[in-house]
Amino acid sequence: MPVQASVFHPPSFMNMRTVALTLPVLAIVIQAAPADLKPRVNCAIRGTPGTIFQDSYLMGQYTEDLACTDACTNVASYMNDLTSSFVINAGNSCTFYVEANCSGLAATFAAATYNYIPPDLNDKISSYRCTSHA
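The present account deals with the structure reproduced in this document. (Residues numbered from 1 in each chain as written. Predicted model: local features only at pLDDT ≥ 70, side-chain atom pairs only at ≥ 80, totals over all residues. Heavy atoms only, no water.)

### A closer look at a nonpolar patch on the surface
A cluster of nonpolar side chains, Y57, M59 and Y116, forms an exposed patch at the surface whose accessible area comes to about 400 Å². If you trace the backbone, Y57 turns up in the loop between β1 (50-55) and β2 (59-65). A residue is classified by how much of its surface remains accessible, and Y57, at 53% relative accessible area, is exposed. (Patch = residues over 30% accessible without salt bridge, like charges linked within 9 Å, V, L, I, M, F, W, Y side chains within 5 Å. Areas by Shrake-Rupley, 256 points an atom, 1.4 Å probe, with all protein chains shown as cover. Salt bridge = Lys/Arg side-chain N within 4 Å of Asp/Glu carboxyl O. Helix = DSSP H or I, 4+ residues; strand = E, 2+ residues; numbered from the N terminus. Buried < 20%, exposed > 50% of the residue type's maximum accessible area, 1.4 Å probe, protein only.)

Next comes the structure, spelled out in structure tokens:
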């Protein structure tokens, strides 16, 4: 008795067109998932987002390096309501607030040197939030 060969017929959902279209979509989804995660700022490599100064033109007895975090940070007590100039380092932006805990009047500044700041914020900054755009 001769042996009959059977031919495998894949189900319609397994045809080549479906496989070819499905695999790239899966690859995109797999690659896109890590992009949703926000990278942590590495201060040891990038340094601080900037520095605030007590007086105009980056002068004064007191200065404070801005915290390397995306969280709201209150300025040190010795700088509270005393900031008159600041530097925001490249790749960062900072929002400054007149009240503690990032509340009240606020203004956001891009990376640059600010030798003086608007009267609404001058000697009134109590908190800030800096964001790295690296």
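Now that the structure has been shown, the text picks up again.
### Remarks on the nonpolar core
I52, L66, F86, I88 and F96 are the most contacted members of the largest nonpolar core, which has 15 residues in total. A per-element tally of this core places strand β4 (residues 85-99) first, with 5 residues. Filtering out sequence-adjacent residues up to four positions away, I52 remains in contact with Y62, T63, E64, L66, V75, M79, T83, S85, F86 and F96. (Core = buried A, V, L, I, M, F, W, Y, C linked by side-chain atoms within 4.5 Å. Contact = heavy atoms within 4.5 Å.)

### Considerations on unusual backbone geometry
Glycine aside, the phi torsion of most residues is negative, and most peptide linkages are trans. Phi angles above zero are rare outside glycine, and N101 is one such case at about 60°. Of note, N101 is situated in the loop between β4 and β5 (103-114). One non-glycine residue, C102, adopts positive backbone phi at about 55°. Among the secondary structure elements, C102 is positioned in the loop between β4 and β5. When its relative accessible area of 14% is taken as the criterion, C102 is described as buried.

### Here we look at the state of the cysteines
For the structure on display, the rule yields 2 disulfides. Covalent S-S linkage joins C72 and C102, the inter-sulfur distance amounting to 2.1 Å. What sets the handedness of the C72 and C102 disulfide is the S-S torsion sign, and at about 105° it is right-handed. Of the two residues, C72 is situated in the loop between β2 and β3 (73-74) and C102 in the loop between β4 and β5; the sequence distance between them amounts to 30 residues. (Disulfide = S-S within 2.5 Å.)

### Here we look at the pairing of β4
Counting buried residues along β4, 11 of its 15 residues qualify, which places the element largely inside the surrounding structure. Pairing analysis gives 4 bridges linking β1 to β4, with the strands arranged antiparallel. Bridge pairing in β4 links F53 to S85. Pairing of β4 with β5, which is carried by 9 bridges, proceeds in the antiparallel orientation. In the sheet register, F96 faces β5, and the bridge partner there is A107. The turn linking β4 back onto β5 is made up of 3 residues, and N101 within it adopts a positive phi angle of 60°. As judged from the 6 bridges shared by β4 and strand β6 (residues 127-132), these two strands associate in the antiparallel manner. Following the sheet pairing, S93 is matched in β6 by T131. (Pairing = 2+ DSSP bridges.)

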